[in-house]
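# Descriptive structure summary
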Amino acid sequence: MPELPEIEVLRRSLAPRLTGRRIERVEVFAPALREPLDRRALSRRLAGRAVTALRRRSKYLLIDVEGGSTLVVHLGMSGRLTLVPAATPREPHEHLAFQLDRGERLRLRDPRRFGVAFAAATAGLETDPHFAHLGPEPLDPPLDGAALAAIATGLSAPVKAFLMDASRLVGVGNIYATEALFRAGIHPARSVARISSGRWARLAAAVVEVLEQAIRAGGTTLNDFTDGAGNEGYFQVDLAVYGRAGEPCPRCAAPVRRLVQSNRSSFYCPRCQR
DNA sequence: CGGGCGGCCTGGAGGC
DNA sequence: TGCCTCCAGGCCGCCC
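Predicted model only: the values in this text are computed from it and were never measured. (Residues numbered from 1 in each chain as written. Chains lettered and ligands numbered in written order. Predicted model: local features only at pLDDT ≥ 70, side-chain atom pairs only at ≥ 80, totals over all residues. Heavy atoms only, no water.)

Next up on the list: the pattern of salt bridges. A side chain with one charge can pair with a side chain of the opposite charge if their charged atoms come near. Counted by the stated rule, this structure contains 16 salt bridges. Of the charged contacts, one joins E104 and R17 as a salt bridge, the two residues approaching to 3.9 Å between their closest N and O atoms. A residue pair is termed long-range when its members are at least 10 positions apart, and E104 in strand β7 (residues 104-109) and R17 in helix α1 (residues 4-18) qualify at 87 residues. Through salt bridges with shared partners, a single ionic network connects E8, R11, R12, R56, R57 and E137. (Salt bridge = Lys/Arg side-chain N within 4 Å of Asp/Glu carboxyl O. Helix = DSSP H or I, 4+ residues; strand = E, 2+ residues; numbered from the N terminus.)

Pasting the structure below:
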């Protein structure tokens, strides 16, 4: 669920409250999320250091600290990173926490443990295995049709799978790929080898537009997502087709259909999307 | 190398 | 009411 807009909303909500705060102590409560939690590296790189900047790459939140280290957090499916008073009791599935100066705590809750958290050197982070294979950011600079078509050159995958492939383009998951394809009027199963330049332009614009609108709406909260202060997003009310099988298409009123592609649900309007 | 698919994990929803 | 099954999906690894 957390895709680019959710992580960007999280980054913006935490940046003013976290920048300049000192991490006094690191607490690791679980042996592993999707990967083992390295207690020693987290403490050695982060304890005693003040936060200097919050950045985002793909769906990863990067928290830079003094001394040239970065805390990398991925929320997986169900992760939630929130800033609370230090005295707040531990919540269920709170696997990692950072005691900060001024009596606050940054805590990571992740019931499904699909997330990732680790500390590494800031310099050269782009060559870390988590980042080395990633494709370009869709908003920075805003994606255009020619760039998107160039990325797809020589491929034949369904366009939905292509949009969600982080080695091609980062930040777009199931919800926003589904919504961008609806806005562009393209069927999710269409091969990228059979998309005209005009449709690539529409699709690129739709991806940029839906991501930017979702950021402005505070992200999409279906089950778990909140920003760093615990606020839910409200873009879910603007979803045109995602999760709406059987409901009328907002453009033409034809019933929205559900399609399973590589074990993932897609939703589309059979009349508007070809 | 491209592309399809299973597995990881838990909570919530739905069926009987 | 309670139990069971299924499903949510980002990402990786395996396979052809």
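What follows covers the nonpolar core. Counting 34 residues, the largest nonpolar core has L163 and L203 as the members making the most contacts within it. Within the residue set of this core, elements represented by two or more residues are α1, α4 (159-163), α5 (174-184) and α6 (197-216). Of all the elements, α6 adds the most residues to this core, at 10 residues. Among residues more than four places away in sequence, those in contact with L163 are L169, V172, A177, L181, L203 and V207. With 30 residues, the next largest nonpolar core counts A15, I23, V26 and V65 among its residues. (Core = buried A, V, L, I, M, F, W, Y, C linked by side-chain atoms within 4.5 Å. Buried < 20%, exposed > 50% of the residue type's maximum accessible area, 1.4 Å probe, protein only. Contact = heavy atoms within 4.5 Å.)

Okay, the packing of aromatic side chains next. Centre-to-centre distance and the angle between the planes together describe a pair of aromatic rings. Counting across every chain of the model gives four aromatic pairs. Pairing Y60 with F131 gives two aromatic rings, centres 4.8 Å apart and planes at 55 degrees, and the pair type is tilted. Of this pair, Y60 sits in strand β3 (residues 60-65) while F131 sits in the loop between β8 (116-121) and α3 (145-151), placing them 71 residues apart in sequence. With relative accessibility at 6%, the residue F131 sits in the buried group. For the ring pair F162 and W200, a centre distance of 5.8 Å and an interplane angle of 70 degrees mean the geometry is edge-to-face. Taken together, the residues F162 in helix α4 and W200 in helix α6 connect sequence positions 38 residues apart. Of note, R251 hangs over the ring of F182, and the distance from its end group to the ring centre comes to 4.7 Å. (Phe/Tyr/Trp six-rings, centres within 6.5 Å; stacked < 30°, edge-to-face > 60°. Lys NZ or Arg CZ within 6 Å of the ring centre and 35° of its normal.)

The full set close to DNA strand B counts 13 residues, and H93, P111, R113, S156 and N263 are the nearest of them. Taking all atoms of DNA strand B within 4 Å of the protein, the share assigned to sugar and phosphate is 70%. Interatomic distance of 3.5 Å between a backbone N/O atom of R112 and a sugar or linking oxygen of DNA strand B. Contacts to DNA strand B include R113, whose side-chain N or O atom sits 2.4 Å from a phosphate oxygen. Of the residues that constitute the surface near DNA strand B, the class distribution is five nonpolar, four polar and four charged. (Near = heavy atom within 4 Å. Polar contact = N/O pair within 3.5 Å; in protein donor to acceptor, adjacent residues only side chain to side chain. Nonpolar A, V, L, I, M, F, W, Y, C, P; charged D, E, K, R; others polar.)

Relative to each other, α1 and α6 sit at 40 degrees, their axes nearing to 9 Å. As for the relative orientation of α1 and α6, their crossing is right-handed in sense. Between α1 and α6, the contacting residues are L4, P5, E8, V9 and R12 on the first element and L211, A214 and I215 on the second. Counted by class, the contact of α1 with α6 contains six nonpolar, no polar and two charged residues. (Axes fitted to C-alpha atoms, helices over the stretch in contact; angles between N-to-C directions. Left-handed = near helix turned anticlockwise from the far one by under 90°.)

Moving on: the domain arrangement of chain A. For chain A, the assigned domains read domain 1 (4-127) and domain 2 (145-268). Computed from C-alpha coordinates alone, the two centres of domain 1 and domain 2 are separated by 28 Å. Listed as interface residues are 21 residues of domain 1 and, on the opposing side, 19 residues of domain 2. Summed over both partners, the interface of domain 1 with domain 2 comes to about 1,600 Å²; 61% of that surface belongs to carbon and sulfur atoms. (Domains from an automatic or database assignment. Buried area = accessible area lost by both parts, 1.4 Å probe.)

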